[in-house]
Amino acid sequence: MGTLFSQFKGCIAFLGYVVNTIFWTIPIVLISFIKLIPISPLRTATSYVLDFCASAWISVNGVIERCLHPVNIELSGDTDFSTKEWYMVIANHQSWVDILILQRVFNRKIPFLKFFLKQELIFVPILGLAWWALDFPFMRRYSTAQLRKNPKLKGKDIEITRKACAKFKAKPVSVMNFVEGTRFSKTKHQKQNSPFQHLLKPKAGGMAFALSAMGEQIHKLVDVSIYYPDTVPTYWDYLTGKMPRVKVHIRVSDIDPAMRGDYMNDRDFKISFQEQLNQIWLAKDQVLSQLASQTNKEQR
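An account of the accompanying structure is given in this report.

Scoring rules and cut-offs
Residues numbered from 1 in each chain as written. Predicted model: local features only at pLDDT ≥ 70, side-chain atom pairs only at ≥ 80, totals over all residues. Heavy atoms only, no water. 1 Å grid on protein atoms, 1.4 Å probe; cavity = no way out; pocket = protein on both sides within 12 Å on 5 of 7 lines; lining within 4 Å. Points joined across faces, edges and corners; volume = space filled by probe spheres on them. Helix = DSSP H or I, 4+ residues; strand = E, 2+ residues; numbered from the N terminus. Phe/Tyr/Trp six-rings, centres within 6.5 Å; stacked < 30°, edge-to-face > 60°. Buried < 20%, exposed > 50% of the residue type's maximum accessible area, 1.4 Å probe, protein only. Lys NZ or Arg CZ within 6 Å of the ring centre and 35° of its normal. Pairing = 2+ DSSP bridges. Axes fitted to C-alpha atoms, helices over the stretch in contact; angles between N-to-C directions. Contact = heavy atoms within 4.5 Å.

## Focus: empty space enclosed by the protein
- The final tally for this structure, using the stated rule, is two cavities of 30 Å³ or more.
- Empty space within the largest cavity amounts to approximately 100 Å³.
- Lys35, Ser47, Leu50, Asp51, Lys114, Ala133, Leu134, Asp135, Lys167, Phe168, Lys171 and Val173 are the residues that line the largest cavity.
- Top contributing element to the lining of the largest cavity by residue count: helix H2 (residues 40–68), with three residues.
- Volume-wise, the second largest cavity comes out at about 60 Å³.
- Residue lining of the second largest cavity: Ile58, Leu102, Gln103, Phe106, Asn107, Arg108, Ile110, Pro111, Phe112 and Leu113, and that is the complete set.

Rendered as structure tokens:
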């Protein structure tokens, strides 16, 4: 009986999220067309209105969660934030639920999160339009085979990143990047021969180019470690209450000036940046091990 009831609540929650998404996507898309008018102050003002709508969208999602499938987020680490600051946010990636957790943790505490998304995701029904209207950076990656076939494509993905991030200079923003590039799995972990216990190898390019494009405006790094005490949830697990809690550790630090440079053309900087990111990842791996150890003690 309990399982049937949780499935029913999951269906109601899903319907609620769909209705809420449609409700907010319509005004977000319509208002976004004002940004096509080439008047900078008007574009900036429009961006503030759009981010307000997006934050309201996330807030209503939070109400649905609390009513139908409450999740206890156990926060640790730094919690001092500002909506007037520019942030680079990085996190480990295990599930689509990660995004929902990050939105709940940071909504209205820092500028609205802008995620790096794969180019193909712009075609996701409804959400793709909303992400486009909210200026989410869409990344297009070219394979080695594509570059070999058409050398003119080299550097195109970097230029797209720079243009996307250039839009964020007019007002405070939080640029979110899952630097592993994909969701963690044991198979991927073994295939990579990753030196980390809980993480895949970090990819430095997207973060390096974003920091370069944003210039000195973005000088705070928010490093988020997400740990699921029971099992990594699917979206349906989340909706049906099978994910009662999650541990989230946050570390805020100044971005080292040595992390700014020409990642594409400066080989020494490229190597140095990757080494610095590896050190951040090593510290994150230790945090995740500590969270796992805490969980084991709690369950004894």
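Don't stop here, the text continues.
## Notes on the packing of aromatic side chains
- For the structure on display, the rule yields 11 aromatic pairs.
- Residues phenylalanine 33 and tryptophan 132 carry aromatic rings whose centres are separated by 6.0 Å and whose planes lie at 55° to one another, so their mutual orientation is tilted. A residue pair is termed long-range when its members are at least 10 positions apart, and phenylalanine 33 in the loop between helix H1 (2–32) and H2 and tryptophan 132 in helix H4 (residues 127–133) qualify at 99 residues.
- Where phenylalanine 269 meets phenylalanine 273, the ring centres are 5.8 Å apart and the plane angle is 55°; that geometry is what we call tilted. Placement of both phenylalanine 269 and phenylalanine 273 in helix H10 (residues 267–299) is noted, with a separation of four residues, approximately one turn of the helix.
- Residue classification places phenylalanine 273 among the buried positions, given a relative accessible area of 0%.
- The ring of tyrosine 48 carries the charged tip of lysine 171 above its face, separated from the ring centre by 4.8 Å.

## A word on helix H8 (residues 205–214)
- The buried fraction of H8 amounts to nine of the 10 residues, a majority that puts the element mostly inside the structure.
- Buried residues of H8: Gly205, Gly206, Met207, Ala208, Phe209, Ala210, Leu211, Ala213 and Met214, and no others.
- Positive phi appears at glycine 215, one or two residues downstream of H8, with a value of about 65°.

## Some thoughts on the sheet that holds strand S8 (residues 245–254)
- Taken in spatial order, the six strands make up an open sheet running S1-S8-S7-S2-S6-S3, and their pairing is mixed. With one partner strand each, in any of the chains shown, strand S1 (72–77) and strand S3 (113–115) form the two edges of the open sheet. Neighbour to neighbour, the strand axes of the sheet diverge by 25° on average, direction disregarded.
- Relative to strand S6 (residues 174–177), S3 is paired through three bridges, and the arrangement is parallel. Across the sheet, residue lysine 114 finds its bridge partner in S6, namely valine 175.
- This element, helix H3 (residues 97–106), spans S1, strand S2 (87–91), S3, S6, strand S7 (220–227) and S8 of the sheet and lies at about 160° to S3.
- Relative to the sheet, H8 contacts S2, S6 and S7, its axis offset from that of S2 by approximately 175°.

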